[in-house]
2 protein chains.
Amino acid sequence: MITSTTGPQPADFADVRATNLAVVLRFVREHAPCSRADIASSTGLNKATVSSLIADLIDRRMVRETGLTENRVGRPATMLVLDGSSYVAIGVEINVDYVCAVATDLAGERLLTWRRSFSAGVPVNQGVAAVAAIIRRVVNRMIKQDRQVLGLTVALPALVDVAGTVRIAPNLGWHDADLAGDLAKALRDPGFTIQVDNDANLGALAEQRFGAHSGAGDLVYLTGEMGVGAGVILDGRLRRGGLGYSGEIGHVQLDADGPECRCGRRGCLEAMAGIGAVLRRRDPSPAEIEVEIEEVVRSARAGDEATLATLAAVGTHLGRGVSVIANLLNPEVVILGGYYVPLAPWLLPPVRAEVADRAIAPESGGCEVVASTLGYDAPALGGAAMVLDSVDSGRLPGGTS
Amino acid sequence: MITSTTGPQPADFADVRATNLAVVLRFVREHAPCSRADIASSTGLNKATVSSLIADLIDRRMVRETGLTENRVGRPATMLVLDGSSYVAIGVEINVDYVCAVATDLAGERLLTWRRSFSAGVPVNQGVAAVAAIIRRVVNRMIKQDRQVLGLTVALPALVDVAGTVRIAPNLGWHDADLAGDLAKALRDPGFTIQVDNDANLGALAEQRFGAHSGAGDLVYLTGEMGVGAGVILDGRLRRGGLGYSGEIGHVQLDADGPECRCGRRGCLEAMAGIGAVLRRRDPSPAEIEVEIEEVVRSARAGDEATLATLAAVGTHLGRGVSVIANLLNPEVVILGGYYVPLAPWLLPPVRAEVADRAIAPESGGCEVVASTLGYDAPALGGAAMVLDSVDSGRLPGGTS
C-alpha cells in the first residue's frame, strides 16, 4: 500500500478555481503592489482568468485596487494590494502566567496585542471562562472595525492531539480537555473556526510567516519557558507526527546524575536548560518569572560572575539539546524563543559552540542558531498565522462564487 | 516570504496529463486487477480520459490487459494489471563488507538479488570500478530479458548532500566523492539516471513501499550496522533537512563516562548500541561481523548469561535513542534494520520498555518498535523503491505522448 501523500493526486477540475484563487491571493500577498499582468506572467494563468479571479477577490474584499499605476510603456496598469480592512485573524496564547491575544489583518499587519495576567492551576472551566472573556472583547473590538473574523487559534504548553484535544498540559494542570469546543460553547458558537495547538508548533508557524528566517523550509522553534518544546517545520510544513505529539525534546536526558526534573527523572534538558535552571529553582512562581529574568539580564550586563557562569552552563546544556535536533533533522535554523530571547546574548555563544562541536555534518550541516525576533508574542502570533495559512490553502471566506 | 511548499500551486494544465498518467498508474499498482470503470469511479476522472490514459500506458508497456473479465451484470470489463515484463528498477548497497544489488520490475516484484563481498578502505576509484562491474552485469542480465532500466540508486553509509555528493563515508574512508558521476563515467553513460543516497534514507523508502508497515505516513528506519543512522519519513515523504544530512542519531551522547566512540567522544548511542557494542569490540573486522552476529544469536538461544546481559544492556541503550526519536518526531513506527533484525527477539523487549518509560505522550504517542521484515536487503531494495517512486511521481519512461 502506498500512502496518499507519496505521489501526485488526480487533478480535480472542480477545485481548480479555488486553488487558483488562493494562488493569486498568495501572489498579491508576496508581491503587492502588483498588476494583473504581473500575476498572469508569474503564475502562468492567462489574463482573462486572472481578471476573473481578481474580480472575485475584490468582491470578497480580500484584494483592492490602489490609485497607483505602473510606470511603463503602453496602457498604465492598475496596481493591486491586499485589502486589509475587512478581515481579522486572531491568535491567543495561554501560558502559566499570562494570556496573550494578537490580531492581524489579511496581510498579517498587527491590529492589536493584549497581554493579561492569568493564573495556572485553575480548573479548565474557569480557565475557559477567563480566556473566553478576553476573546469576546477582542472580537467585539474587531467587529466595531467592521471586520469579519477569519478564525482563531489558541496556543498552550500542552500535548495536543491531531483532533485538537488537549491531552496533557502539565504546567496548567489540565488534561483531556476539548478546549476548542468549550471555548466555542462559552462564546455561543461565534461563527468562526476555533483551533487549538501546541505553543511550540505555533511559534514555528509565526517564525515561518513573520520571522527573520521566514524563507527557511526547514526550521525548528524552541520555546524557552518552564518547559522546552520544539515546533518542527520540514519542507515548508509543520510536522506533527502520527498523533500530533512531535517536538518533545525537553526530556532528552543529558546527565543521569543531573538535577531532578519535574518529570521525576534526573538531568533532562528541561531541568538543565529550562528557565528553572536559569533561575536556579525548580519551581519559580510563574508570576515572577519575567521580573526575575530581567534581574538575571541586569546581573549579566553588570558582569556578575555567578550569573555569567550559570548562563554559560545553561547555554552548554541547551546546545546539547540543539545538537540533537541539528543532527536528527538538519534544519537550516533553530530559533530560540520565549525567555531565551532576552538571555540570547549570553546563551547563543555556548549553544553555537556546542552545536559546532557535536554536529556530525560538515559546518554543522548549515544549521544556524538564532534568537527569535518575535519575542514573547510568537505563539499567539503563530495562532493568527495558522488562520492565514488556512486562507492561503484555499479556504476563503464569503464572496459570490 | 512564504516558501513555495506552504500552499497550493497554480494548476498548470500542461502537466495535467502527466499527473493523471501517474495517478492511473498508481491506482493500477495498488488495485490490480482492476477495470477502466474502477479507475474512473475511484479517481474522479471521466471514462474517456481514463481510456485514453490507459491506451498511453499500454503503449508504454507499463500496463497490460489480462484475459480476465470482471464478473458483473452488463458488458464484461477487461481487467488491467501492471506490465512487469518491460522495465527494471535497480538498487545497490555499498557497505563495509559487501555490495548488494537488487532489481525489481515495475510492480515491485523482485527479479534478482546478488550479494558480493567488498573491502572497505579501498580508494574511491577502486570502489567505483568494483561496483560498476557488478552493476554492468546486473544491467546486462536485465537487457537480455528485454527490459529497459528505469534508473539506479546506490545506498551507502554516508552523509550524502542534497546534490548527491558523498560528503563523508567514515566507514568506507571516502569523502567529497561524486559517486553517481563516477559510476556513470565507469558505465560509459548508460542512459539511465544514477542517484546516490544515505543507506538509512533508502531503508526507510524500502519499508514505506515493501515493508510490513508500508501504510504508515510517519515512519523511522534505524540501520543496525557499525553505525546507527535514521531514515525519517514524515507525512508520507522522506525528510532530508536543509542540506540532506538528517537522521544522524548515532552520536546522541547517552553517558559522558561511557565507552569511547569512533567519533572521539564517549558514550554515544553508536558506541553503546551499535553492532560493536553487541560484539563488545570497538572495531570488529567487517568481514566477520555477520558470522559473529550468528554466534551471538546461538549463544543467546542457548541462554548464555553474559550474552543475554549484553543484549539487554544494548537494548536499553538503543531504547534511549529510540525514545528521543519517539518524543521529537512521534512516528507511528520505528523499524530496526540491519544486524538488529536477527537480534530482535532479545533487543525488542528492553527497547520497548525504555520507550514506554521515556515517552512523554500517553501510550508512547502510539509509537511501535518492530524489526524490519526486509532483512539486510532493505537499503538496496530502497534504492529500487526510489526509482519506482520517481515513476509514481510522474517521470514516466518512453511512450508516444
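Preceding this section is the structure that the text describes.
Residues numbered from 1 in each chain as written. Chains lettered and ligands numbered in written order. Predicted model: local features only at pLDDT ≥ 70, side-chain atom pairs only at ≥ 80, totals over all residues. Heavy atoms only, no water.

Undergrad: Is there a simple way to explain helix H5 (residues 179–186) of chain A in this structure?
TA: Think of an α-helix as 3.6 residues a turn; residues three or four steps apart then line up on the same face. Residues and elements named next belong to chain A. Of the positions making up H5, those classed as buried are Leu179, Ala180, Leu183 and Ala184. Down the axis of H5, the smallest arc covering the buried residues is 135 degrees, so these residues share one side. Next to the buried residues of H5 lie strand E3 (87–94), helix H4 (124–144), strand E6 (148–156), strand E8 (166–169), strand E9 (174–177) and strand E10 (194–198). Just past H5, the residue Arg188 takes up positive phi, approximately 55 degrees. (Buried < 20%, exposed > 50% of the residue type's maximum accessible area, 1.4 Å probe, protein only. Helix = DSSP H or I, 4+ residues; strand = E, 2+ residues; numbered from the N terminus. Arc of directions from axis to C-beta. Contact = heavy atoms within 4.5 Å.)

Undergrad: What am I meant to see in the sheet that holds strand E6 (residues 110–117) of chain B here?
TA: In sheet architecture, strand pairing relies on hydrogen bonds along the backbone and comes in two forms, parallel and antiparallel. Residue and element names in this part refer to chain B. With respect to topology, five strands assemble into an open sheet ordered E6-E5-E4-E7-E11, the strand pairing being mixed. At either end of the open sheet lies a strand with only one pairing partner, and these are E6 and strand E11 (194–198). The sheet shows a mean angle of 15 degrees between the axes of neighbouring strands, taken without regard to direction. With seven bridges connecting them, strand E5 (residues 98–104) and E6 associate as antiparallel partners. The residue bridging Val102 from the neighbouring strand is Thr113, located in E6. Its contacts with the sheet place helix H4 (residues 124–144) against strand E4 (87–94), E5, E6 and strand E7 (148–156), and it is angled at close to 155 degrees to E6. Sheet strands touched by helix H5 (residues 179–186): E4, E7 and E11. Its angle to E11, the strand with the most contacts, is close to 145 degrees. (Pairing = 2+ DSSP bridges. Axes fitted to C-alpha atoms, helices over the stretch in contact; angles between N-to-C directions.)

Undergrad: Help me out: how do you make sense of the relation of the copies chain B and chain A in this one?
TA: Each of the two chain copies can be generated from the other by rotation about an axis followed by a shift along it. When chain B is fitted onto chain A, the two copies agree to an RMSD of 0.0 Å after a turn of 180 degrees and an axial shift of 0.0 Å. Both chain copies can therefore be described as sitting about a two-fold axis. An overlap of 100% is found between the interface residues of chain B and their copies at the interface of chain A, pointing to a shared contact surface. (Least-squares fit on C-alpha atoms with pLDDT ≥ 70 in both.)

Undergrad: What is the right way to read the side chain of Glu207 of chain B from this model?
TA: All names here are of chain B. Within the secondary structure, Glu207 sits in helix H6 (residues 199–210). No salt bridge is formed by the buried Glu207. Its closest oppositely charged neighbour is Arg110, at 10 Å. A polar atom in the side chain of Glu207 sits 2.6 Å from the side chain of Ser372. Filtering out sequence-adjacent residues up to four positions away, Glu207 remains in contact with Ala212, His213, Ser214, Leu219, Tyr221, Ile335, Ser372, Thr373 and Leu374. (Lys, Arg positive; Asp, Glu negative; His and termini not counted. Salt bridge = Lys/Arg side-chain N within 4 Å of Asp/Glu carboxyl O. Polar contact = N/O pair within 3.5 Å; in protein donor to acceptor, adjacent residues only side chain to side chain.)

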